[in-house]
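Results of the structural survey
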Amino acid sequence: MAKILIVDDEEGIRSQIKWALIDEYDVLEAADAKTAIQIIKNERPDVATIDIALSSIGEDTYGLDLLVDALEINPDMKIIMVTGNEERETALKSIEAGAHYYFQKPVDLDELKIIVKRALYVKRLELTNRQLQSRMTGDSFHEIIGSSPMMLDVFKKIRTIAGSDYTVLISGESGTGKELVAKALHNQSPRHDKPLITINCGAIPETLLESELFGHEKGAFTDAVSQKIGKFEMADGGTLFLDEIGELSLMLQVKLLRFLQEQTIERVGGTTPIKLNVRVLAATNRKLINEVNDRKFRDDLYYRLSVINIDLPPLRDRGDDIIILANYFLEKFSAENNRVGCSFDSKSISRMRSYEWPGNVRELENRIKRAVILSEGRKIAPS
């Protein structure tokens, strides 16, 4: 059972609280600060209730001093301050000093039970958060952070296929880390000492994309004042990563298919086939099979590209990975912005777990970066 410490110099109040909680918790008692400190050191209670007006040598706010001392000994303990009506200002000071909550006399036992239960829940949540944070450095694979079963399957598949020259199609929603998977495949392959060339097929106008991919000869078109080497030739001996492959026009799909079949290209305006040794990785946030059915993507190219598929799960399906990633980004951006010591409060952790994350890891990263910069204190709140 969780341990609850009651600190009050009035025996009647201690007994009242004790009998309200004793059926569910291991209840400890202290009539003074000295005894309370000894119990906190020896028993490590989970929650303590402390009377703000606990007296010692005539000081009516000695409970506030005990709060500070208790949290130095056991920072994980949740402390609930008990106050009189006239002590509201002091109660607010106790919250600033680290108290979890406060409630007023006369003690409403049903309310107290709820407050204690919530304090224990928050303590467990924060402990889980710290455990996840401590696991963070061990839960990465070539810059991909995660330990959920889905991501462990992804890591296993990367290890299995990295050494081959097979084409791989990496699928997943926007922001799930497709480019990181491509980097991991390249870095674990025998081509790791050769270039990894990346091009986003959706970021370049169609009229320029052919030249970017395959290069062009001098005079091939009006602005072709010199010969240009394309991305395929730059990747010779290494890997070419085609991001957002679904954006390719049907004409470029034909040229890509020819390369995959023959390992040769021709520059725009050229007539000489150029033999290359390039492994192709492709990524998409679309359901390419639907594009095939709608005749927007060639079926022969689709089956060539998807010799091996790696499907990345959305962040909302990755369980505790959300908090592992959140802590990673928090540590990173706190260091970058000279705000070391930032942490999430328990409500933030709950909100992150329940949010859908439509932008996935990229959205999580951007939101935490913004939070570190804009938050006034060291605790990152849900807002």
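In short, a report on the structure.

1. A short note on the sheet that holds strand β10 (residues 239–243)
Strand order across the open sheet formed by five strands is β9-β10-β13-β8-β14, with parallel pairing between neighbours. The open sheet has two free edges, formed respectively by β9 (196–200) and β14 (308–311), since each of these has just one partner strand. Averaged over all pairs of adjacent strands, the angle between strand axes in this sheet comes to 20°, irrespective of strand direction. For strand β8 (residues 168–171) and β14, the ladder comprises four bridges, and the chain directions are parallel. Bridge pairing in β14 places valine 168 opposite isoleucine 308.

2. Some words on the pairing of strand β2 (residues 26–30)
Looking at chain direction, strand β1 (residues 3–7) and β2 are connected through five bridges and run parallel. Counted as the bridge partner of isoleucine 4 is valine 27 from β2. With helix α1 (residues 11–21) bridging β1 and its parallel neighbour β2, the resulting β-α-β unit is right-handed.

3. Quick notes on the pattern of salt bridges
Inspection of the entire model under this criterion finds 22 salt bridges. Between arginine 14 and glutamate 29 there is a salt bridge, with the nearest N and O atoms lying 3.1 Å from each other. You can see arginine 14 sitting in helix α1 and its partner glutamate 29 sitting in strand β2, a full 15 residues away along the chain. Overall, glutamate 29 belongs to the partly exposed group, its relative accessible area being 29%. One salt bridge in this structure joins arginine 318 and aspartate 321, with 3.1 Å as the shortest N-O distance. Among the residues examined, arginine 318 registers a relative accessible area of 3% and is labelled buried. Aspartate 321 gets classed as buried once you look at its relative accessible area, which sits at 1%.

4. As for the side chain of serine 148
For serine 148, the location among the structural elements is in the loop between β7 (144–145) and α6 (149–161). A distance of 2.8 Å separates the side chain of serine 148 from the side chain of aspartate 321, its partner in a polar contact. In contact with serine 148, not counting residues within four places along its chain, are Arg318 and Asp321.

5. Details of the nonpolar core
Note on soluble globular proteins: their nonpolar side chains tend to be buried together. Ranked by size, the top nonpolar core spans 30 residues in total, and within it Phe232, Leu242 and Ile245 carry the most contacts. At the level of secondary structure, the elements contributing two or more residues to this core comprise β9, α8 (206–214), β10, α10 (250–262), β13 (279–284), α11 (288–293) and α12 (299–305). Top contributing element to this core by residue count: α10, with five residues. Discounting chain neighbours no more than four positions away, the residues touching phenylalanine 232 are Leu213, Phe214, Leu240, Leu256, Phe259, Ile265, Leu276, Val278 and Val280. Leu28, Ile39, Ala91 and Tyr102 belong to the second-largest nonpolar core, a separate cluster that totals 24 residues.

6. Regarding unusual backbone geometry
Between lysine 105 and proline 106 the backbone carries a cis peptide bond, its omega angle lying at -5°. With respect to the element layout, proline 106 can be found in the loop between β5 (101–104) and α5 (109–135). Of note in the backbone geometry, glutamate 244 takes a positive phi value of approximately 55° without being a glycine. Structurally, glutamate 244 is set in the loop between β10 and α10. Non-glycine residue asparagine 360 carries a positive phi angle of around 60°. As for its placement among the helices and strands, asparagine 360 is situated in helix α15 (residues 360–374). With a relative accessible area of 0%, asparagine 360 lands in the buried category.

7. Topic: the side chain of serine 346
Residue position: serine 346 is located in helix α14 (residues 346–354). Setting aside its immediate chain neighbours within four residues, serine 346 contacts Val122, Leu125 and Glu126.

8. Quick notes on the sheet that holds β1
Reading across the sheet, the five strands line up as β2-β1-β3-β4-β5 and stay open at both edges, with parallel pairing between neighbours. Across the chains shown, the open sheet's two edge strands, defined by having one partner strand only, are β2 and β5. Put simply, the sheet's adjacent strands are angled 20° from each other on average, direction ignored. Relative to strand β4 (residues 78–83), helix α3 (residues 62–73) is tilted by about 180°, and along the sheet it contacts β1, β3 (47–51) and β4. Packed onto the sheet, helix α4 (residues 88–96) meets β4 and β5 and runs at close to 160° relative to β5.

9. Things to note about the pairing of β3
Taken across its five residues, β3 has five buried, putting it largely inside the fold. Neither face of β3 is left uncovered, since the one carrying Val47, Thr49 and Asp51 and the one carrying Ala48 and Ile50 both have all their residues buried. Pairing geometry for β1 and β3, over four bridges, is parallel. The residue of β3 that forms the bridge with leucine 5 is alanine 48. Bridge count for β3 against β4 is five bridges, and the pairing is parallel. From the neighbouring strand, aspartate 51 faces β4, where its bridge partner is valine 82.

Rules used throughout
Residues numbered from 1 in each chain as written. Predicted model: local features only at pLDDT ≥ 70, side-chain atom pairs only at ≥ 80, totals over all residues. Heavy atoms only, no water. Pairing = 2+ DSSP bridges. Helix = DSSP H or I, 4+ residues; strand = E, 2+ residues; numbered from the N terminus. Axes fitted to C-alpha atoms, helices over the stretch in contact; angles between N-to-C directions. Right-handed = clockwise from strand over helix to strand, strands pointing away. Salt bridge = Lys/Arg side-chain N within 4 Å of Asp/Glu carboxyl O. Buried < 20%, exposed > 50% of the residue type's maximum accessible area, 1.4 Å probe, protein only. Polar contact = N/O pair within 3.5 Å; in protein donor to acceptor, adjacent residues only side chain to side chain. Contact = heavy atoms within 4.5 Å. Core = buried A, V, L, I, M, F, W, Y, C linked by side-chain atoms within 4.5 Å.

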